[in-house]
Amino acid sequence: MARADARAAVASFEVVKAVVREAVASACGARVASILTMTVVAVLCAVVVLTTGRSVGAQNAIVSSISNTATRSIVVRAPVSAGLDTGVLARLANASEISSAVAFGAADDVTNAAFAGGTRVSLRPEYTLDRPTGAAAATETETAAAGAAAAAAAPSPTASVPPAAATGDRAIPTEHSFVEASAAAARALGLADGVGAVSSVASGVSEGVEGRIALPDDLQFLDPVVVAPTALDLAAPQPVTVLVVVASSSEQVQAVAALVTSVLGLTDPAKVTVTTSAQLTALRDSVQAQLGAFGHSLTALVFGVGALMVAAILSGLVVLRRTDFGRRRALGASRSLIVMLLVCQVAALATVGSLAGCFAATIALILTGDPLPTVSFVAAAAVLAVLTAVAASIAPAVVASTRDPLRELRVA
Amino acid sequence: MSRHAEAVLEGVGLAFGYARDAFVFSEWSERFVPGEIVALTGASGRGKSTLLYVLGLMTRPTAGEVLLGGHPVGSLSDRERAWLRATRLGFVFQDAALDPARTILDNVVETSLYRRADRRGSVLRARGLLERFGVEHRVQSRPGQISGGQAQRIALCRALMNDPQVLLADEPTGNLDQASAAVVLGAFRERAEQGAAVVIATHDGALMAQCDRRIEL
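Bear in mind the structure is a predicted one, so any value in this text is a computation, not a measurement.

A. Structural view of the packing of aromatic side chains. All names here are of chain B. Enumeration according to the criterion identifies 5 aromatic pairs over all chains in this entry. Residues Trp28 and Phe32 carry aromatic rings whose centres are separated by 6.3 Å and whose planes lie at 25° to one another, so their mutual orientation is stacked. Taken together, the ring pairs in this structure connect Tyr53, Phe91 and Phe93 into an aromatic cluster.

B. Highlighting the sheet that holds strand 4 (residues 63-68) of chain B. Residue and element names in this part refer to chain B. Strand order in the open sheet formed by 4 strands is 2-1-4-5, and the pairing between neighbours is antiparallel. Among the strands making up the open sheet, the edge pair consists of strand 2 (22-32) and strand 5 (71-72). Relative to strand 2, strand 1 (residues 9-19) runs antiparallel, the two sharing 7 bridges. Residue pairing across strands places Phe16 opposite Phe25, the latter belonging to strand 2.

C. Geometry of the nonpolar core. Leu9, Trp28, Phe32 and Phe93 of chain B are the most contacted members of the largest nonpolar core, which has 84 residues in total. When residues no more than four places from it in sequence are discounted, the contact partners of Phe93 of chain B are Ala330, Leu331 and Leu409 of chain A together with Tyr53, Met58, Gln152, Arg158 and Asp170 of chain B. One finds Ala96, Ala155, Leu156 and Ala169 of chain B within the second-largest nonpolar core, a separate group that totals 39 residues.

D. Highlighting the UniProt feature "transmembrane region" (unreviewed entry) in chain A. In the numbering used here, UniProt assigns the "transmembrane region" (unreviewed entry) feature to residues 298-320, 341-368 and 374-400 of chain A. Taken as a whole, residues 341-368 of chain A contains 100% helix and 0% strand, while its terminal C-alpha atoms sit 40 Å from one another.

E. Just the environment of Phe25 of chain B, in detail. All names here are of chain B. As for its placement among the helices and strands, Phe25 is situated in strand 2. What makes Phe25 buried here is its relative accessible area of 6%. Spatially, the C-alpha atoms of Phe25 and Lys48 are 9.1 Å apart, while their sequence positions differ by 23 residues. Beyond its immediate stretch of four places on either side in the chain, Phe25 contacts Leu14, Ala15, Phe16, Gly47, Thr50, Leu51 and Val54.

F. Looking closely at the pairing of strand 9 (residues 196-200) of chain A. All names here are of chain A. Within strand 9, 5 of the 5 residues are buried, which leaves the element mostly enclosed by the surrounding structure. Residue alternation in strand 9 divides its side chains into two sets, Gly196, Val198 and Ser200 and Ala197 and Ser199, and both sets are buried. Alignment of strand 3 (residues 108-112) against strand 9, held across 3 bridges, turns out to be antiparallel. Bridged to Thr111 within strand 9 is Ser199. Here 4 bridges tie strand 9 to strand 10 (residues 206-213), and the two strands are oriented antiparallel to one another. From the neighbouring strand, Gly196 faces strand 10, where its bridge partner is Val209. The turn linking strand 9 back onto strand 10 is made up of 5 residues, and Gly204 within it adopts a positive phi angle of 80°.

G. Structural context of the interface of chain B and chain A. Between chain B and chain A, the contact holds 27 residues from the first and 29 residues from the second. Together chain B and chain A conceal approximately 2,500 Å² of surface at their shared face, both sides included; 57% is due to carbon and sulfur atoms. At the boundary of chain B with chain A, the tally comes to 7 salt bridges. Listing elements by their share of the side of chain B that touches chain A, those giving two or more residues are strand 1, helix 1 (48-55), helix 2 (78-88) and helix 3 (104-114) of chain B. Take the side of chain B that touches chain A: its biggest share by element is 5 residues, from helix 2 of chain B. Split into classes, the residues belonging to the side of chain B that touches chain A amount to 12 nonpolar, 5 polar and 10 charged.

About the cut-offs
- Residues numbered from 1 in each chain as written.
- Chains lettered and ligands numbered in written order.
- Predicted model: local features only at pLDDT ≥ 70, side-chain atom pairs only at ≥ 80, totals over all residues.
- Heavy atoms only, no water.
- Phe/Tyr/Trp six-rings, centres within 6.5 Å; stacked < 30°, edge-to-face > 60°.
- Pairing = 2+ DSSP bridges.
- Helix = DSSP H or I, 4+ residues; strand = E, 2+ residues; numbered from the N terminus.
- Core = buried A, V, L, I, M, F, W, Y, C linked by side-chain atoms within 4.5 Å.
- Buried < 20%, exposed > 50% of the residue type's maximum accessible area, 1.4 Å probe, protein only.
- Contact = heavy atoms within 4.5 Å.
- UniProt positions renumbered as here; feature names shortened; annotations may be inferred.
- Buried area = accessible area lost by both parts, 1.4 Å probe.
- Salt bridge = Lys/Arg side-chain N within 4 Å of Asp/Glu carboxyl O.
- Nonpolar A, V, L, I, M, F, W, Y, C, P; charged D, E, K, R; others polar.

Right under this line is the structure:
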């Protein structure tokens, strides 16, 4: 039984091999139709990759730009009297949906310590659980020596700062190892190269500014700001006025916002405002949906036109070679075999055409520097082109299979 | 060969018309036994070629039945009739009907696909037949590069590939010189002696004279 099955399988394989061989030979025989079919499929693939593929690439870039950290952030603002403190960071530490969390204490106005009456800029202590260097993003920190030298040159040296000063409900940051100014803050303070010293307007305490900080997207709303990375001591929670939590993905923003709200531990929740980037998320979804719909329509149109062209070419081929199909029928080819032969022929031609078209279009996109679609998109376009051509070939193939030998071969 | 031998091919009450009530032939019955060569003759338009296509299972008669090996084939499916054409019948067309895009060898071997024969063995047999009919040197040529006589001999090779029980030929010598016609007729006679029934539609008086029987349409 198994031997019979094996023999049947081998026989089937031999038939398929013979059909493929005959289809390829027929394709080589009908050169004009074959070249036309390959060209149509190649152009079809190239058009899809150059239009829809490029759109998908651009769409990915746009959505990716919208889906940056700013769109995933939840910002909690609270006055010191609301009771929000650095303990919230510990409560958020184990939430897997959270990418990062940073808290800022109350703002203290500072000016350039080198001269009185300069522009005021907020200085905020910054707390994180896992940021040993303190800065939330890449900094352009100048050498520590430069900052130290600048602080030494200031009228009120850092060494003389009294610890833990406070004014009203605003905690004054003290005992910072260094502070960093954003580019806008450095400009406003008149700090050349972001190095120098600042002095608190309220307390007169001076801090050495050691460099510039490049604020990430989710902290841009604080700009201009001087950030004072501060060691987090969970045993002695410090007041927090701004908490910025970044969700792992934009889809999780709402859930993370709910989580954050639930663990704030406030004494007066009425004083707190929680802002999410839901609007940006909605914008991203809208852009994605609109570009996606446009891409789908365009792809459907291109493939539809391509299918019609392949069908037209094959119909022409069937008309031109009707004697050939009549002869095949007369010599013993069944209708299904003729359909199989033509479909195989088109599949072989479409495969070559789609590979050529996708390759050429990808090279063109690379050369022009346009956004590239993903490999899976290009592969899908190629497969879809082959399937479209095969589907378009079925009707002409059926027509070819019904050629009557008597009408096609009989010589009057 | 006795007319009373079991018929390998038989037409019973056959009729065919291209239009309703306009029959090319009707109520036509005949038996073809192994070993004989039969000439179908008659004036042009009497349906010789059409009858040959009907007997060759290429088209269905308007009325009547064709029996192959004693079995009626009218109720068979297209696939079954195609299989019979590929395995038990051979056909030589009036104009050879070779595929102009393929080589001579491919043209002869083509039928092996339809009867699912081993290609390697078919190529060997095709080369043998082409050699026997003196056209082995043209195996890689295209039909457009050979003469009418060579084309007809190649068509004959193709028809003989499956050792047909019935060999049907439509004006096989119509475009041939005397020598080529003699080669073709010799092949028919040899095939008949091997046990096949040969039916030839022809106007050629010389060919008719060589046939065992003549049927006037």
